[in-house]
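What follows is each chain in one-letter form.
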Amino acid sequence: MTIATIDPTTGEMVREFAAHTPAQVEEILAKADAANALMAKTTFVQRAEWMRRAADLLDADLEHAATLAVLEMGKTIGTAKYEVTKSANGMRWYAEHAEGYLAPEEPVPAASVGASAASVVFQPLGTVLAVMPWNYPFWQVIRFAAPALMAGNTGLLKHASSVPQTALYLGELFQRAGFPEGAFQTLLIEGAAASALIDDRRIRAVTLTGSVGAGAAVAAAAGRNIKKSVLELGGTDAFVVMPSANVARSAQFAAASRTQNSGQSCICAKRFFVHADVYDEWLEAFVAHMAATTYGDPLAEGTGFGPMATAQVRADAHELVADAVAKGVTVRVGGELPDGPGWFYPATVLTEVTPEMRIFREECFGPVACVYKVTSIDEAIAAANDSDFGLAAGVWSADPDEIARLQAELEFGSVFANGNSASFFGLPFGGVKDSGYGRELGSFGIREFVNAKTVWTA
Ligand code: NDP
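Source: prediction; values computed, not measured.

## Quick word on a nonpolar patch on the surface
A contiguous nonpolar surface patch, about 260 Å² in accessible area, is contributed by Val108, Val113 and Trp456. Here Val113 lies in the loop between α4 (77-101) and β3 (117-124). With a relative accessible area of 36%, Val113 lands in the partly exposed category.

Here is the structure:
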């Protein structure tokens, strides 16, 4: 894969980058290794000061950073600014909370384990490799980097090949803020080279956000080397609408979820299960919202959503739609590949989706919704759980008992009721089944890459 900025709005090559040579990669690894000794001598207070400074630098660069995200992956300028600001605030969150999250614990009274003192302390693992995707090119990286650095680790970023300028910007940010040289660096290498790098003893752990294939490759390399891995691999998230739901509001939120980031979000709703009692009314409202959410110039105010990030993701999404059309799906709106430059794709709603269609099981990373009619809560739960993925689900109902049952029985990493799924600094984020394992964010995220060390004294 070419490491390059290609503007998704025009399809034109903006700038190509040479991959780092083996000698450059070696130099970066050696710097990271040396930085571990420096990081080990720092305190939470010192790291928090640097982290806050990095957040301030990012805020000061808001226009530049947001414009880079638009140029490299096509999101709208408003959502790019939101993402950059969220990233800066996520850094401040960990600056404030890391020490508390990693405070030593005494899980049992010392005497009960025959000791005068017994506790658990949390120590950094060392260099963690982060293989990151292009869809939220700032936030995906920061939600790894902020906890990893605050825990005292060092980070190596292998970003998606389509966002090299964002990768290079982030590779400099933490050093500009005062972190030791080598504490956080960017590697310009291709995906397969990242998996091979896991064999290097200086890499202690790896985290990947992306496709199942890339996740499996990284997990295999980590397993072979007995190294910790965390995987966040997307989903075919369910959105359940029960008869008591606020139909107008849930239909509006559903369209917002499915079109956000041009449909290229791991936790946006993709499969919609609507109770027969409200199906017709809900579908009509949803299709109207989807039809009204149009694509356009991502730099213009008021654009619903921008182009898709790469020619390949658009082709992949359209291939799933075309396969469903060939097998008799009903297209309520969208579904046509537009003419003209750029990788735009319309908001699309499909009904009468059947198990023979690939889109029934596969993740469609584009603004394409599949709507299904269900006749009971049991059917809704069974249908929503009939997926290889399990990242996040949304449920809409006015009945607390119904919500409690759906939240208990849906097999996902999170279940949001009467609101769209999202990532929050203080709440764990991650999935089950093919959506991966491990958690990001909150106390769970920062504890993924630490040694929970038992210290016992007679
Ligand atoms: P990939 O999984 O290929 O890319 C994500 C990251 O993994 C990139 O940095 C990529 O590098 C890297 N990578 C790719 N192959 C390997 C490998 N063998 N070993 C180590 N790292 C690897 O996703 P795509 O960009 O190709 O998108 C394809 C699909 O993945 C989407 O349609 C969507 O379904 C899913 N996806 C999910 C995301 C999520 O948020 N969970 C985010 C992005 C994609 P490089 O760019 O150099 O190939």
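Don't stop here, the text continues.
## Topic: the pairing of strand β12 (residues 348-351)
In β12, alternate side chains face the same way, and those of Thr348 and Leu350 on one face and Val349 and Thr351 on the other are all buried. Pairing of strand β11 (residues 330-333) with β12, which is carried by three bridges, proceeds in the antiparallel orientation. Each bridged residue has a counterpart across the sheet, and for Val331 the counterpart in β12 is Leu350.

## Some details on the packing of aromatic side chains
Under the definition given, this model contains 21 aromatic pairs. Both rings, one in Trp134 and one in Phe365, keep their centres 5.7 Å apart while their planes meet at 80°; by these two values the pair is edge-to-face. With Trp134 in the loop between β4 (127-131) and α5 (139-150) and Phe365 in the loop between β12 and β13 (368-374), this pair connects stretches of sequence that are 231 residues apart. Neither Trp134 nor Phe365 differs from the other in exposure class; each is buried. Summarising the aromatic geometry, the rings of Phe273 and Tyr372 are spaced 5.1 Å apart at their centres and angled 20° between planes, so their arrangement reads as stacked. Pair noted here: Phe273 is in strand β10 (residues 269-275) and Tyr372 is in strand β13, with a separation of 99 residues, a long-range link.

## Here's the deal with helix α2 (residues 44-60)
Compared with an ideal rise of 1.5 Å per residue, which puts 17 residues at 24 Å, α2 spans 24 Å between its outermost C-alpha atoms and is within 8% of the ideal. Turning to α2, its buried residues are Arg47, Ala48, Trp50, Met51, Ala54, Ala55 and Leu58. Along the axis of α2, the buried residues cluster in a sector spanning 165°; they form a single face. What points out from α2, more than 90 degrees from its buried face, is the exposed set Val45 and Ala60. Where α2 is buried, its residues contact α1 (22-40), α3 (62-73), α4, α5 and α6 (164-176).

## A closer look at the layout of surface pockets
Of the pockets and cavities examined, the largest pocket occupies roughly 990 Å³. Residue lining of the largest pocket: 40 residues in total, with Trp134, Gly210, Ser211, Val212 and Val313 positioned closest to the centre. Contributing elements (two or more residues each) for the lining of the largest pocket: α7 (191-197), β7 (203-209), α8 (212-224) and α11 (311-326). When residues in the lining of the largest pocket are grouped by element, the largest group, five residues, is from α11. Considered class by class, the residues forming the lining of the largest pocket number 19 nonpolar, 12 polar and nine charged. Two domains each donate at least three residues to the lining of the largest pocket, and these are domain 1 (4-233 + 435-457) and domain 2 (238-424). There is about 650 Å³ of room inside the second largest pocket. Of all the secondary-structure elements, those providing two or more residues to the lining of the second largest pocket are α4, α5 and α9 (247-259). Tallying contributions element by element places α4 first for the lining of the second largest pocket, with four residues. In the lining of the second largest pocket, the residues fall into 11 nonpolar, 16 polar and four charged.

## Structural notes on the sheet that holds β13
As summarised here, the arrangement of the seven strands in space is β11-β12-β13-β10-β9-β15-β16, forming an open sheet in which the pairing is mixed. The two strands at the open ends of the sheet, each matched to only one other strand, are β11 and β16 (414-417). Each adjacent strand pair in this sheet contributes to an overall mean axis angle of 25°, direction not counted. Along the sheet, helix α12 (residues 377-385) makes contact with β9 (237-241), β10 and β13, crossing β10 at roughly 165°.

## A look at empty space enclosed by the protein
What the rule picks out here adds up to four cavities of 30 Å³ or more. Computed from the structure, the largest cavity encloses a volume of approximately 110 Å³. Arg143, Phe144, Pro147, Gly445 and Phe449 are the residues nearest the centre of the largest cavity, which is lined by 15 residues in total. Residue assignment for the lining of the largest cavity shows that the elements contributing at least two residues are α5 and α14 (442-446). With four residues, the top contributor of residues to the lining of the largest cavity is α5. A breakdown of the residues in the lining of the largest cavity according to their chemical character gives eight nonpolar, three polar and four charged. In terms of lining residues, the second largest cavity is bounded by 14 residues, among which Phe239, Ala269, Ala393, Gly394 and Ser421 are the most central.

## Some points on the nonpolar core
Counting 60 residues, the largest nonpolar core has Met51, Leu58, Met91, Phe144 and Phe174 as its most contacted members. Only α2, α3, α4, β3, β4, α5 and α6 provide two or more residues apiece to this core. For this core, the two domains that each supply at least three residues are domain 1 (4-233 + 435-457) and domain 2 (238-424). Leu58 has contacts with Ala65, Val84, Ser87, Ala88, Met91, Phe138, Tyr169 and Leu173, leaving out every residue within four places of it along the chain. Core analysis: the next-biggest nonpolar cluster, separate from the first, contains 38 residues, Trp134, Ala317, Phe365 and Ile377 among them.

## Some thoughts on the side chain of Ser119
By the secondary structure assignment, Ser119 is in strand β3. Residues within four places of Ser119 in sequence aside, it is in contact with Glu105, Glu106, Lys453, Thr454 and Val455.

## Points about the confidence of the model for the protein chain
The pLDDT averaged across the protein chain works out to 98; a share of 100% of its residues lies at or above 70. With pTM at 0.98, the complex prediction returns an ipTM value of 0.97.

What counts, and at which threshold
Residues numbered from 1 in each chain as written. Predicted model: local features only at pLDDT ≥ 70, side-chain atom pairs only at ≥ 80, totals over all residues. Heavy atoms only, no water. Patch = residues over 30% accessible without salt bridge, like charges linked within 9 Å, V, L, I, M, F, W, Y side chains within 5 Å. Areas by Shrake-Rupley, 256 points an atom, 1.4 Å probe, with all protein chains shown as cover. Salt bridge = Lys/Arg side-chain N within 4 Å of Asp/Glu carboxyl O. Helix = DSSP H or I, 4+ residues; strand = E, 2+ residues; numbered from the N terminus. Buried < 20%, exposed > 50% of the residue type's maximum accessible area, 1.4 Å probe, protein only. Pairing = 2+ DSSP bridges. Phe/Tyr/Trp six-rings, centres within 6.5 Å; stacked < 30°, edge-to-face > 60°. Expected span 1.5 Å × (residues − 1). Arc of directions from axis to C-beta. Contact = heavy atoms within 4.5 Å. 1 Å grid on protein atoms, 1.4 Å probe; cavity = no way out; pocket = protein on both sides within 12 Å on 5 of 7 lines; lining within 4 Å. Points joined across faces, edges and corners; volume = space filled by probe spheres on them. Nonpolar A, V, L, I, M, F, W, Y, C, P; charged D, E, K, R; others polar. Domains from an automatic or database assignment. Axes fitted to C-alpha atoms, helices over the stretch in contact; angles between N-to-C directions. Core = buried A, V, L, I, M, F, W, Y, C linked by side-chain atoms within 4.5 Å. pLDDT = per-residue confidence, 0-100.

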